[in-house]
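# Structure assessment
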Amino acid sequence: MRERGENGCGEDRRRRVTRFAALAALALPLAGPASAQEGGARGAPIKLQLNRLEATGDACRTYLLVDNSRGTALKSLKVDLFAFDTDGVAQKRIAVELGPLAEKKTSVKIFDFAGIACPKIGRVLLNDVLSCEGGESSREACLERTETESKGSVPFDR
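Next up on the list: the sheet that holds strand β6 (residues 121-133). Taken in spatial order, the four strands line up as β4-β3-β6-β8 in an open sheet, and their pairing is mixed. In this open sheet, the two strands that pair with only one neighbour each are β4 (90-97) and β8 (156-157). Direction of pairing for strand β3 (residues 76-85) relative to β4: antiparallel, over a ladder of seven bridges. Its bridge partner lying in β4, Asp-80 is registered against Ala-95.

Shown next, in the form of C-alpha cells:
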C-alpha cells in the first residue's frame, strides 16, 4: 500500500500531475509559432472599399479606397471588375491597376466605368486579381487576401 500525504493524495498521482505539467510547459512554445504560421500563411488583408460613385459625362467615376495598412508593399495589384446594372445584368468590364501600394498605407484610386451612368450601376464585382507583384505575393494569394466592402448603396462583392 502506498503512503498518503496530509491531503490524501498518493505519490503516484502527485508524480502524474508533475509529469503532465512538465509536458504541457514543453508544448506551449510549440503551439505559439504554429498558430502564427497558420495566420501568416494567408497574409494581411488587402481591403478594397467602393467608397463613392460620381457622374462625369457619359461615365461613372469610381473612388476605390485601398487599405494596405497591415500589409507589405506591392509593385502591382491589377484587378478585374464588372459593373452590373440594377437588373443584375453585366454591363461593363474593366481592368484597373491599383498599385503600387506602399507598405502599411491606405490610398484612394480613381477610375471611370465609361459608357454607364452611375444610377444604372446596381452592383460591382471583384471578378479576379489579374496580377500581383511584390514581396512573396502571387496572384492567387492576393485574391485570397482581398476583402471587399461598400460605403454607399451599391454593393461591392467578390
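The next thing to look at is the pairing of strand β1 (residues 46-56). Of the strand pairs in this sheet, β1 and strand β7 (residues 146-150) are connected by five bridges, and their pairing is parallel. Across the sheet, Ile-46 pairs through a bridge with Thr-146, a residue of β7. Across nine bridges, the pairing between β1 and strand β2 (residues 59-68) is antiparallel. In the strand pairing of β2, Thr-56 is matched with Ala-59.

Our next topic: the packing of aromatic side chains. Counted according to the given criterion, the structure contains two aromatic pairs. Here the guanidinium or amino end of Arg-52 rests over the ring plane of Tyr-63, the centre of that ring lying 5.1 Å away. The ring of Phe-84 carries the charged tip of Arg-123 above its face, separated from the ring centre by 4.9 Å.

Before going further, it helps to spend a moment on the sheet that holds β7. One open sheet accounts for four strands, arranged β5-β2-β1-β7; its pairing is mixed. Two strands close off the open sheet at either side, each with one partner strand: β5 (105-114) and β7. Averaged over all pairs of adjacent strands, the angle between their axes in this sheet comes to 25°, without regard to strand direction.

Thresholds applied
- Residues numbered from 1 in each chain as written.
- Predicted model: local features only at pLDDT ≥ 70, side-chain atom pairs only at ≥ 80, totals over all residues.
- Heavy atoms only, no water.
- Pairing = 2+ DSSP bridges.
- Helix = DSSP H or I, 4+ residues; strand = E, 2+ residues; numbered from the N terminus.
- Phe/Tyr/Trp six-rings, centres within 6.5 Å; stacked < 30°, edge-to-face > 60°.
- Lys NZ or Arg CZ within 6 Å of the ring centre and 35° of its normal.
- Axes fitted to C-alpha atoms, helices over the stretch in contact; angles between N-to-C directions.

Honestly, it's all geometry; don't read function into it.
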